[in-house]
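Summary of the model geometry
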Amino acid sequence: MNKTSLILLLTAFCLTCFGMNEETRDSVQSRRELVQAESEFAANYARAPRFKALFHYYPHAEEAHVQFDKQAIDFFHKLTYGEGWLMDVTASLADYPYEKLKEYSIVVSLNAAPADSAQRVAFEQYMESGGGWMGFHASAYNDRNTGWPWLNKFLGCGLFYCNNWPPQPALVECETGEHPVTRTLPHTFVAPASEFYQWQPSPRMNSDVEILLSISPKMYPFGLKDVVKFGDFPIVWTNRKYRMVYLNMGHGDEGFIDATQNLLFVNAFRWVVSRDQEGDPFMK
Amino acid sequence: MNKTSLILLLTAFCLTCFGMNEETRDSVQSRRELVQAESEFAANYARAPRFKALFHYYPHAEEAHVQFDKQAIDFFHKLTYGEGWLMDVTASLADYPYEKLKEYSIVVSLNAAPADSAQRVAFEQYMESGGGWMGFHASAYNDRNTGWPWLNKFLGCGLFYCNNWPPQPALVECETGEHPVTRTLPHTFVAPASEFYQWQPSPRMNSDVEILLSISPKMYPFGLKDVVKFGDFPIVWTNRKYRMVYLNMGHGDEGFIDATQNLLFVNAFRWVVSRDQEGDPFMK
Amino acid sequence: MNKTSLILLLTAFCLTCFGMNEETRDSVQSRRELVQAESEFAANYARAPRFKALFHYYPHAEEAHVQFDKQAIDFFHKLTYGEGWLMDVTASLADYPYEKLKEYSIVVSLNAAPADSAQRVAFEQYMESGGGWMGFHASAYNDRNTGWPWLNKFLGCGLFYCNNWPPQPALVECETGEHPVTRTLPHTFVAPASEFYQWQPSPRMNSDVEILLSISPKMYPFGLKDVVKFGDFPIVWTNRKYRMVYLNMGHGDEGFIDATQNLLFVNAFRWVVSRDQEGDPFMK
């Protein structure tokens, strides 16, 4: 290694070490170029609703779940302003056989799962046929009495294992900055108060699963009543075999107080819809 | 390059790479020194209101604008507690000819612009004579029908070009950590839900403009109904020819849920006022 | 230095420079191992309330203090759901002689201090005997007229010195990432609006004190009415001679809008309780 190559190597290190500053300078430069270079109109304005979404929750469920669900409906309803997309809300999937479900680009399960075997079959068919899903918190809850093995295949994890209690804020880690759901989030942030679940086996053991966010191990011991002491703790993930994202948040009335978490929710919703098998609705 | 100079170089790298920790240790040290060295009283308590500010909004405008405006008035009203400064709020600039405007250290335009040519003339005279201004969101909106070229000279940018829709949170980047408006903000943060505007030409093309914050390019494609695909996206800036800051936030009811954005608003307000041509009111 | 050792050295630098990514990869790896290795149940579920806490506030105090206090009571009350611990709230310590105080693992003072010498004596005996304390804002206020030297010995600082006004958000710095109270917090964050106090002498001058959080010097000049110009500005600390944490936040109605600050509050509460001299209640 001669002097010149050493200097080149060290320069490369410099650029790497100062990555953030360089990136800033680069992005300023590239923004300036963008201004000068582009001629196409920068925005794609919807001429009609781009897609339909079905929101499902149980109005008479556990109070803290209903608190989250109602706030979630308000949150997503605000995203429909101007009719960029259409939102249906139901308290029961009984009226949604596969033929109706398939009209929706995404089903959003707010602490809710199909209530009987007919609803399960319709939902399975919907997902196996390329349907989209975003589920919060108890929508994925299942134990030995659930008797729905497909749910675990779909989620890519085992049964509910344990939880912190009471709901409280938690430091969370984005495990990748490359994914559309987490690309605009900081590497770590504090998620507002919720109850969080562990699973056994963890979805991390499933090679089809990509973990997006997990509770930081720095939170251990985690809880005041029910104290989680250790263990892998993924809270947002996707099973690549399906068009889905699961988010474990969803307990209590603080789910929408934080702009960063709110962006996570918009990102996840948008990403599932964008992969609609009839083409990305946002490109129409 | 010999062994000694290599080691020196590598040591320099170490110090650079571990910059944050060094800075922390330094600032603790300097704080300790401050405690021991200072003898002057650390605070400057106001003996009378330091300045007057005029807030302007239209109570019958678009609902989502009025939501923001009313929350802004509450937010700034809380900053008057103890009468450190005086706040006037008006729904019309008709009663504010230049002679009255010039009593104010700052005019804050909440989604509102002068309504006719007399009001425009008074506002122009106020700003050209060293007046202070902080404008939010639609206060800077203008298109081919606006017919007020001075506004573009003042803002330092072209016409409204495009926007994301619906309002949603967005990752924003502070383009400088040196400016009093952004010095206390993180390099990037997620701003709460708003609609954001692009301009053409971008204010970045104006050499008198200093861009303070912009939407991160990581947000592209940005929107669910109206999708912004690319382009320079400054959202907070100052035109150095005037005593002013423009902030593009201001649509909907989530403008004040985030402590970081709240600090940005206080910083911008304080900075404009601090440069009053009769001297910094906070030094009185 | 030969080529091989240079390459080794540079590789070490790489690993250092890319610390964050490495850490992420490592923690993913260690999480995976945790999943495979552990056999013990990961959580410790309470079978009975783990401890008792006494909250103290004055319902007829300054309005902005009562706003914070009532929100604090709601915030901590939500943490009792499921009776993991028992919460008593009182508007007077008159009914709490030492014999009653000692039943509590922690006393939380919300802008409140003992009201007379009998209450002071009981509180002194409680703390000197290993009692736990978490105090907010004005609970630590004292000046030349207070006449309670023990309070300063307990807090580890001098008299109230000066404050910013009005309440506003502030950039704060965690001075250590090793302490259980700050381990899960970012290095810096913006705390929501409050009035903040300086002390003279600063608690930093006391070798028994560990400063956990302070106002960033970047905030200077800090305030619109009462402007703090310089000085050491610790806002959260512990005096190692006692089982206590003091938090200077506590003025106004924005104390609980931020997930990061909420986590700080939970951490501080949990840490004081966890050091109960009869053993860590969370291990029961």
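Residues numbered from 1 in each chain as written. Chains lettered and ligands numbered in written order. Predicted model: local features only at pLDDT ≥ 70, side-chain atom pairs only at ≥ 80, totals over all residues. Heavy atoms only, no water.

1. Section: the overall build of chain A
For chain A, the count of helices and strands is 7 helices and 13 strands. By the burial criterion, 60% of the 284 residues in chain A qualify as buried. (Helix = DSSP H or I, 4+ residues; strand = E, 2+ residues; numbered from the N terminus. Buried < 20%, exposed > 50% of the residue type's maximum accessible area, 1.4 Å probe, protein only.)

2. A few points about the packing of aromatic side chains
One pass over the structure, following the stated rule, counts 111 aromatic pairs over all chains. Directly above the aromatic system of Tyr104 of chain A lies the positively charged group of Lys52 of chain A, at a separation of 4.7 Å from the ring centroid. For the cation-ring pair, Lys100 of chain B lies above Tyr96 of chain B, with the distance from its terminal atom to the ring centre recorded as 4.7 Å. (Phe/Tyr/Trp six-rings, centres within 6.5 Å; stacked < 30°, edge-to-face > 60°. Lys NZ or Arg CZ within 6 Å of the ring centre and 35° of its normal.)

3. Some thoughts on unusual backbone geometry
Note that the residue after Trp165 of chain C, namely Pro166 of chain C, is joined by a cis bond; omega there is -5°. Mapped onto the elements of the fold, Pro166 of chain C is located in the loop between β6 (159–163) and β7 (168–174). With omega at -10°, the peptide bond leading from Tyr220 of chain C into Pro221 of chain C counts as cis. Mapping Pro221 of chain C onto the fold places it in the loop between β10 (209–215) and β11 (226–228). With a phi close to 55°, Asn111 of chain A is a non-glycine residue in the positive phi region.

4. A few points about the sheet that holds strand β7 (residues 168–174) of chain A
Residues and elements named next belong to chain A. The 9 strands are arranged β3-β2-β4-β5-β13-β12-β10-β7-β8 in an open sheet whose pairing can be described as mixed. The two strands at the open ends of the sheet, each matched to only one other strand, are β3 (86–90) and β8 (188–194). Each neighbouring strand pair of the sheet contributes to a mean axis angle of 20°, computed without reference to strand direction. As paired elements, strand β12 (residues 234–239) and strand β13 (residues 243–247) share 2 bridges and run antiparallel to each other. Directly across from Trp237, in β13, lies its bridge partner Tyr246. (Pairing = 2+ DSSP bridges. Axes fitted to C-alpha atoms, helices over the stretch in contact; angles between N-to-C directions.)

5. Overview of the environment of Leu263 of chain B
In this structure, Leu263 of chain B sits in helix α7 (residues 259–274). Given the relative accessible area of 0%, Leu263 of chain B is considered buried. It is 7.8 Å that separates the C-alpha atoms of Leu263 of chain B and Leu185 of chain B, two residues lying 78 residues apart in sequence. Not counting residues within four places of it along the chain, the set of residues in contact with Leu263 of chain B comprises Thr184 and Leu185 of chain B together with Gln168, Pro169, Ala170, Leu171, Val190 and Met219 of chain C. (Contact = heavy atoms within 4.5 Å.)

6. Re the packing of helix α3 (residues 63–78) of chain A against helix α7 (residues 259–274) of chain A
Residues and elements named next belong to chain A. Where α3 contacts α7, the two axes come as close as 12 Å, and the packing angle between them is 70°. When the interaxial angle is binned, α3 and α7 end up roughly perpendicular. Judged by the sense of rotation from one axis to the other, the crossing of α3 with α7 is right-handed. Along the contact surface, α3 presents Phe68, Phe75 and Phe76, while α7 presents Asn262, Phe265, Val266 and Phe269. (Parallel < 35°, antiparallel > 145°, perpendicular 65-115°, else oblique. Left-handed = near helix turned anticlockwise from the far one by under 90°.)

7. Digging into the confidence of the model for chain A
Residue and element names in this part refer to chain A. Here chain A shows a mean pLDDT of 91. Residues at 70 or above account for 87%. The low-confidence segment residues 7–26, where pLDDT is below 50, has 17 contacts with residues more than four positions distant or belonging to other chains. Scored as a whole, the predicted complex attains pTM 0.89, and scored at its interfaces, ipTM 0.88. (pLDDT = per-residue confidence, 0-100.)

8. Describing the sheet that holds strand β4 (residues 106–110) of chain B
Residues and elements named next belong to chain B. Overall, mixed pairing links the 9 strands, which are arranged β3-β2-β4-β5-β13-β12-β10-β7-β8 in an open sheet. Of all the strands in the sheet, just β3 (86–90) and β8 (188–194) have a single pairing partner and so form its edges. Geometrically, the sheet is characterised by an average inter-axis angle of 20° between neighbouring strands, direction not taken into account. Sheet topology places strand β7 (residues 168–174) next to strand β10 (residues 209–215); 3 bridges connect them, and they run antiparallel. Residue pairing for β10: Glu173 is matched across the bridge by Ser214. Contacts from helix α5 (residues 117–128) reach β4, β5 (132–136) and β13 (243–247), with the element oriented near 125° to β5.

9. A closer look at α5 of chain B
Residue and element names in this part refer to chain B. For α5, built from 12 residues, the straight-helix expectation of 16 Å at 1.5 Å per residue is met to within 8% by its first-to-last C-alpha distance of 16 Å. Turning to α5, its buried residues are Gln119, Arg120, Ala122, Phe123, Tyr126 and Met127. Within α5, the buried residues cover an arc of 165° as seen down the axis, which keeps them to one side. Facing away from the buried side of α5 by over 90 degrees, the exposed positions are Ser117, Ala118 and Val121. In this structure, the buried residues of α5 make contact with α4 (98–101), β4, β5, α6 (149–155) and β13. For α5, the N-terminal cap is Asp116; the gap from its side-chain oxygen to the backbone nitrogen of Ala118 is 3.1 Å. Looking one or two places after α5, you find Gly130, whose phi comes out positive at around 100°. (Expected span 1.5 Å × (residues − 1). Arc of directions from axis to C-beta. Polar contact = N/O pair within 3.5 Å; in protein donor to acceptor, adjacent residues only side chain to side chain.)

10. Some details on the pattern of salt bridges
Scanning all chains against the criterion turns up 30 salt bridges over all chains. Notably, a salt bridge pairs Asp226 of chain A with Lys225 of chain A, separated by 3.5 Å at the nearest N-O pair. Taken as a pair, Asp226 of chain A and Lys225 of chain A share a single burial class, namely buried. Two residues, Glu99 of chain C and Lys102 of chain C, come together in a salt bridge whose shortest N-O distance is 3.0 Å. Residue classification places Lys102 of chain C among the partly exposed positions, given a relative accessible area of 44%. Here the residues in one salt-bridge network are Lys78 of chain A together with Asp253 and Glu254 of chain B, joined through shared partners. (Salt bridge = Lys/Arg side-chain N within 4 Å of Asp/Glu carboxyl O.)

11. Examining the side chain of Thr176 of chain A
Residues and elements named next belong to chain A. Note on placement: Thr176 falls in the loop between β7 and β8. A distance of 2.9 Å separates a polar atom in the side chain of Thr176 from the backbone nitrogen of Glu178. The contacts of Thr176, once residues within four sequence positions are left out, are Thr182, Glu210, Ile211 and Leu212.

12. Concerning the pairing of strand β2 (residues 52–56) of chain B
Residues and elements named next belong to chain B. For β2, the tally of buried residues reaches 4 of 5 residues, placing the bulk of the element in the interior. Bridge count between β2 and β3: 5 bridges; the pairing is parallel. Bridging across to β3, Phe55 finds its partner in Val89. Following the chain from β2 across helix α3 (residues 63–78) to the adjacent parallel β3, one finds a crossover that is right-handed. Where β2 meets β4, 4 bridges bridge the pair, whose relative direction is parallel. Within β4, the residue paired with Leu54 across the bridge is Val107. (Right-handed = clockwise from strand over helix to strand, strands pointing away.)

13. Quick word on the pairing of β7 of chain C
All names here are of chain C. Of all 7 residues in β7, 7 are buried; the element is thus mostly enclosed. As paired strands, β7 and strand β8 (residues 188–194) are joined by 5 bridges and run antiparallel to one another. For Leu171, the partnering residue across the bridge sits in β8 and is Val190.

14. Concerning α3 of chain A
Residues and elements named next belong to chain A. Taking 1.5 Å of rise per residue, 16 residues should cover 22 Å, and α3 covers 23 Å from first to last C-alpha, within 8% of that figure. The complete set of buried residues in α3 reads Ala64, His65, Val66, Phe68, Asp69, Ala72, Ile73, Phe75 and Phe76. Where α3 is buried, its residues touch β2 (52–56), β3, β4 (106–110), β5 (132–136) and α7.

15. As for the environment of Pro169 of chain B
Inspection of the secondary structure assignment puts Pro169 of chain B in strand β7. Separated by 23 residues in the primary sequence, Pro169 of chain B and Pro192 of chain B have C-alpha atoms spaced 4.4 Å apart.

16. Considerations on the environment of Arg243 of chain C
Residues and elements named next belong to chain C. Mapped onto the elements, Arg243 comes out in strand β13 (residues 243–247). A relative accessible area of 8% means that Arg243 is categorised as buried. Sequence separation between Arg243 and Gln198 is 45 residues; the distance between their C-alpha atoms is 22 Å. The residues touching Arg243, leaving out its near neighbours within four places in the chain, are Ser105, Met127, Gly130, Gly131, Gly132, Trp133, Val272, Val273, Arg275 and Asp276. Within the structure, the side chain of Arg243 is placed 3.0 Å from the backbone oxygen of Ser105, a separation counted as a polar contact. Here Val272 takes part through its backbone oxygen, which lies 2.8 Å from a polar atom of the side chain of Arg243.

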